[in-house]
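# Understanding the architecture of this molecule
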Amino acid sequence: MKKFILLLVFFCGIISFSACSGNDKSLRNYINKLNSECPLILGEWAIVEKIEYSNKTVSMPFDMSNGLLNWSAIQANDAIIRDNALSGLLSSKELQTLLKLIVDAEAKLQIMYFDKEGSYSLILDFNEIKENLQNGIDHEKYLSKSIENVKLQTPIKVADGMMCVDVQLNDKYETIVIEVDESIYDMGELEIHAQNNLKSTILNTEDFFTLQRLNLLVLVNRGIEYNYIGTSTRKIVKVLIEKGFLEKVINKNISPLEQLDLLAAEERQQLPQLIENGINLVDVFFDTKSYTYVYEVDESFYSIATFRNNISKSFFKQSVEEEISSGDTELLHLIELLKSANIGLAYKYVGSISGHSFVIRLEPNEL
């Protein structure tokens, strides 16, 4: 689901990369400073190998990921792309330094996009840039223009069996319309799990452009609405990600308990899961004391009493330490959340026939 969360950030973000700020008075020196950071990796979208300056023109070439852009649609809508480029440039505080230096030097800015299938370029002269700098950022206009640009790219494949077919805007939400191949996805399952999946993906993203897009939506007081439409039944599943949640993500103030709730819901979607012959992970939940993994023990394989005698707290503590040492970042993230929330980690085993159970719990200070 990551791709269709990110797809709207391209035109509003791709030309607003995170450059290094500086106080250089010379445009050429500032460009040299930027080039010292090259190549600039712009999320999953593009790479800038080098910024060039010659003949009073600053050239910024973006080597795009293949298949991302519809070149014919871009070429046919030059005015829309150009208008949005001006808005997009202003959205980056770092790039405003470069823009001001271009204006001072009475130079031009050439932006070039290319991949193996096509290319597109536009040139902005210093008068256009100066006018937009003086007018400032109109976030509403910026959002509307970026959506116009995304519409030019639709339909867009966002995952196997999922196509983004439209993007809309109303007073409360930016709406993404996705057609779902029901030979691959069950709409009932999608209705149950989509919101947690989307929230978890948004919460854990470190992509610069995604965070920039979320910040823009917060600035214009919008959330995100996903409308999934089944290709066979035409059933519609609506998922709302409210502005308040986006604001918490941007400000990094989502509580550990909220994060644990999303994580547990995400893990439950993978269940039941065979751990080894006779042992299945069947549930994950948490309360005020523990984040608990529940295992069903097949008593035709094991005696639950014998099983209990052979497993100790020290065994689990050592296992956790070994997995973290081996590079298990997901477990490390879980442990950090548990410590922050002062919640332990528990393992519950339940006999498949007798129903007898036992729990081994690691306290927060033992993690």
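Residues numbered from 1 in each chain as written. Predicted model: local features only at pLDDT ≥ 70, side-chain atom pairs only at ≥ 80, totals over all residues. Heavy atoms only, no water.

### A few points about the nonpolar core
- The biggest cluster of nonpolar side chains holds 36 residues, and the ones touching the most others in it are Leu27, Val58, Phe62, Leu98, Ile102, Leu109 and Tyr113.
- Listing elements by their share of this core, those giving two or more residues are α3 (27-35), β2 (46-48), β4 (57-64), α4 (71-76), α6 (93-104), β5 (108-114) and β6 (119-125).
- The greatest single-element share of this core, amounting to 6 residues, is contributed by α6.
- Setting aside chain neighbours within four positions, we find Leu27 in contact with Tyr53, Val58, Leu98, Leu101, Ile102, Ala105 and Ala107.
- The next biggest cluster of nonpolar side chains, apart from the first, holds 35 residues, and it includes Val158, Val167, Leu214 and Ile241. (Core = buried A, V, L, I, M, F, W, Y, C linked by side-chain atoms within 4.5 Å. Buried < 20%, exposed > 50% of the residue type's maximum accessible area, 1.4 Å probe, protein only. Helix = DSSP H or I, 4+ residues; strand = E, 2+ residues; numbered from the N terminus. Contact = heavy atoms within 4.5 Å.)

### Some remarks on the sheet that holds strand β14 (residues 290-297)
- One open sheet accounts for 5 strands, arranged β12-β13-β14-β15-β16; its pairing is mixed. Looking at which strands have only one partner, the edges of the open sheet turn out to be β12 (273-276) and β16 (357-362). Neighbour to neighbour, the strand axes of the sheet diverge by 30 degrees on average, direction disregarded.
- The strands that helix α14 (residues 313-325) touches are β15 (344-351) and β16; relative to β16, the one it contacts most, it runs at about 50 degrees.
- The strands touched by helix α15 (residues 329-341) within the sheet are β14 and β15, with β15 carrying the most contacts at an inclination of about 110 degrees. (Pairing = 2+ DSSP bridges. Axes fitted to C-alpha atoms, helices over the stretch in contact; angles between N-to-C directions.)

### Overview of the packing of aromatic side chains
- Tallying each qualifying case throughout the model produces 16 aromatic pairs.
- Arranged with centres 5.6 Å apart and planes meeting at 40 degrees, the rings of Phe62 and Tyr113 form a pair that is tilted. Residue Phe62 is located in strand β4, and its partner Tyr113 is located in strand β5; the two are separated by 51 residues in the primary sequence.
- A relative accessible area of 3% means that Tyr113 is categorised as buried.
- With centroids separated by 6.3 Å and ring planes inclined at 5 degrees, the aromatic side chains of Tyr113 and Tyr120 adopt a geometry described as stacked. In this structure, Tyr113 and Tyr120 share a single accessibility class: buried.
- Members of the aromatic cluster, connected to one another through ring pairs, are Phe286, Tyr291, Tyr293, Tyr295, Phe301, Tyr302, Phe307, Phe315, Phe316, Tyr347, Tyr349 and Phe358.
- Over the ring of Phe245 we find Lys199, and its NZ or CZ is 5.1 Å from the ring centre. (Phe/Tyr/Trp six-rings, centres within 6.5 Å; stacked < 30°, edge-to-face > 60°. Lys NZ or Arg CZ within 6 Å of the ring centre and 35° of its normal.)

### Section: the side chain of Asn35
- With respect to the element layout, Asn35 can be found in helix α3.
- At 2.7 Å, the side chain of Asn35 forms a polar contact with the backbone oxygen of Ile51.
- Every residue in contact with Asn35, bar those within four places of it in the chain, is listed here: Lys50 and Ile51. (Polar contact = N/O pair within 3.5 Å; in protein donor to acceptor, adjacent residues only side chain to side chain.)

### Thoughts on the sheet that holds strand β10 (residues 223-230)
- One open sheet holds the 5 strands; their spatial order is β7-β8-β9-β10-β11, and the pairing between them is mixed. Looking at the sheet topology across the chains shown, the edges are occupied by β7 (156-159) and β11 (236-241). Ignoring which end each strand starts from, the neighbouring axes of this sheet average 30 degrees apart.
- Packing of helix α8 (residues 139-153) onto the sheet brings it into contact with β7, β8 (162-169) and β9 (173-180), and relative to β8 it is tilted by some 150 degrees.
- Set on the sheet, helix α9 (residues 187-204) makes contact with β8, β9, β10 and β11; between it and β11 the angle comes to about 20 degrees.

### Examining the side chain of Ser200
- For Ser200, the position within the fold is in helix α9.
- Given a relative accessible area of 5%, Ser200 falls into the buried group.
- Ignoring any residue separated from it by four or fewer positions in sequence, one finds Ser200 in contact with Leu262 and Glu266.

### What about the confidence of the model for the protein?
- Averaged over all residues, the pLDDT of the protein equals 83, while 87% of them reach at least 70.
- Overall, residues 1-24 carries pLDDT values under 50, and its contacts beyond four positions in sequence, including any with other chains, amount to 105 contacts. (pLDDT = per-residue confidence, 0-100.)

### Overview of the pairing of β11
- Burial along β11 is one-sided: the face carrying Val237, Val239 and Ile241 is buried and the face carrying Ile236, Lys238 and Leu240 is not.
- Counting the residues that bridge the hairpin from β10 to β11 gives 5 residues, and of these Arg234 lies at a positive phi of roughly 60 degrees.

### Comments concerning α8
- Over its 15 residues, α8 runs 22 Å from end to end, which matches the ideal 21 Å to within 8%, given 1.5 Å per residue.
- Taken together, the buried positions of α8 are Tyr142, Leu143, Lys145, Ser146, Ile147, Asn149, Val150, Leu152 and Gln153. (Expected span 1.5 Å × (residues − 1).)

### Concerning the pattern of salt bridges
- Under the defined criterion, the tally for this structure stands at 11 salt bridges.
- Here Glu363 ties to Arg361 by a salt bridge, and the two come within 2.4 Å at their closest N and O atoms.
- Residue classification places Glu363 among the partly exposed residues on the basis of a relative accessible area of 30%. (Salt bridge = Lys/Arg side-chain N within 4 Å of Asp/Glu carboxyl O.)

### Examining the packing of α9 against helix α11 (residues 243-251)
- Two numbers describe how α9 lies on α11: the axes approach to 9 Å, and their chain directions differ by 25 degrees. Here α11 runs roughly parallel to α9, going by the angle between their axes. Residues Lys199, Ile202 and Leu203 of α9 form the contact with α11, whose own contacting residues are Phe245, Leu246 and Val249.
- Grouping the constituent residues of the contact of α9 with α11 by class yields 5 nonpolar, no polar and 1 charged. (Parallel < 35°, antiparallel > 145°, perpendicular 65-115°, else oblique. Nonpolar A, V, L, I, M, F, W, Y, C, P; charged D, E, K, R; others polar.)

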